[in-house]
Amino acid sequence: MVADDTVCDNHGNVYEDVDTWWKEHVHADRGKKWYRDAIHYWKGVDATVDGVLGGFGSVSHVDTSESRAFLHHVLESQRKRTHERGGRTRAIDCGAGVGRITEQLLIDVFDDVDLLEPLPHFLDKAKENLARAGAWDGGQHKGTMRSDGHRVNHFFQMGMQDFEPEEKAYDCVWIQWCLGHLDDRACVEFLQRCGKGLRDGGLVVVKENISSKGIILDREDSSVTRPHSCWLRLFKQSGLILVKVENQRQFPRELFEVKMYALKPKC
């Protein structure tokens, strides 16, 4: 049986201690090569839904459908507080890629949405997609074409490890299929910053692949797939409390298990 803190890479190598592995392979140069290799990999990926989903673009609809139900459920307990506060609701889509989650989910739920994405060709496609959907005015400051008044406001071109959200700015920080590119320390620090970026009653939502056999390292794109226990440890270290967790359903069997976590800061 593989321990949860054991690292197994896609070349068959096994490392018994994840902390030691991070120190030797990532922290030694402050993550420069790790993040550079990840950017190099994604630069070669087409700016399409199928591209960002690794050739499984067919799961996009069921993915966002399950996410919508999960988000609706966890937001119900926050709606009264948000209503009493008044004003527009705001979310940020982290690791936004081509804007798939914003276009298919977040822009329907929140008044204002920001996108965080380090790859310029992904961000350009996101702008194109969201402008076509009437959610972004192309930077002309003319407002939205959507009848509900929901709109995209800001595009941040940078990695999560460098991003510091404005304090108390967001009702929801959505992070999907991208935290695997951060080492444990950077992941905790990012989640801590996200917690500070939440408004009263706001939530961080993490949706990630789940490993059943330790930590799986993919050297090709500089990422790791963590087991459930590792996520719980990182959330605790970041000062976030688990509100709800659910499994994604109806995915092909050949894919990893996927979990959705709703989190809030400690009071």
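Above this text you will find the structure in question.
All of these numbers come straight from a predicted model, not from anything done at the bench.

**Q** In this structure, what is going on with the nonpolar core? I would like to understand it.
**A** Considering soluble globular proteins, one finds that nonpolar side chains tend to be buried as a cluster. In terms of nonpolar packing, the biggest core is built from 39 residues, with Val-173, Ile-175, Leu-179, Phe-190, Leu-191, Val-204 and Val-206 touching the most fellow members. Residue contributions to this core peak at 6 residues, all from helix H7 (residues 184-196). With sequence-adjacent residues up to four places away left out, Ile-175 is seen in contact with Cys-94, Met-160, Phe-190, Leu-191, Cys-194, Val-204, Val-205, Val-206 and Lys-207. Among the nonpolar cores identified, the runner-up in size contains 26 residues, and Phe-110, Val-113, Val-205 and Ala-262 belong to it.

**Q** Any chance you could explain the pairing of strand S3 (residues 90-94) here in plain terms?
**A** The side chains of a regular strand alternate between both faces of the sheet. Counting buried residues along S3, 5 of its 5 residues qualify, which places the element largely inside the surrounding structure. Burial along S3 is two-sided: Arg-90, Ile-92 and Cys-94 facing one way and Ala-91 and Asp-93 facing the other are all buried. As judged from the 5 bridges shared by S3 and strand S4 (residues 112-116), these two strands associate in the parallel manner. When the sheet's bridge partners are listed, Asp-93 is paired in S4 with Leu-115. Between S3 and its parallel partner S4, the chain crosses via helix H5 (residues 100-109), and the hand of that crossover is right-handed.

**Q** Would you explain the sheet that holds strand S5 (residues 151-156) in this entry?
**A** Strand pairing within a sheet occurs via backbone hydrogen bonds; the two strands may be parallel or antiparallel. In spatial order, the strands read S5-S4-S3-S6-S7-S11-S10; together these 7 strands make up an open sheet with mixed pairing. Two strands in the sheet have a free side with no partner beyond their single neighbour: S5 and strand S10 (240-247). Shown here is a sheet whose adjacent strand axes are inclined to one another by a mean of 20 degrees, direction ignored. Its contacts with the sheet put H7 on S3, strand S6 (170-176), strand S7 (198-210), S10 and strand S11 (257-265), and the angle it makes with S7 is roughly 150 degrees. Lying on the sheet, helix H8 (residues 228-237) is in contact with S7, S10 and S11; it crosses S11 at an angle near 15 degrees.

Here is what the cut-offs are and how they apply
Residues numbered from 1 in each chain as written. Predicted model: local features only at pLDDT ≥ 70, side-chain atom pairs only at ≥ 80, totals over all residues. Heavy atoms only, no water. Core = buried A, V, L, I, M, F, W, Y, C linked by side-chain atoms within 4.5 Å. Buried < 20%, exposed > 50% of the residue type's maximum accessible area, 1.4 Å probe, protein only. Helix = DSSP H or I, 4+ residues; strand = E, 2+ residues; numbered from the N terminus. Contact = heavy atoms within 4.5 Å. Pairing = 2+ DSSP bridges. Right-handed = clockwise from strand over helix to strand, strands pointing away. Axes fitted to C-alpha atoms, helices over the stretch in contact; angles between N-to-C directions.

On their own, these measurements won't tell you what the molecule is for.
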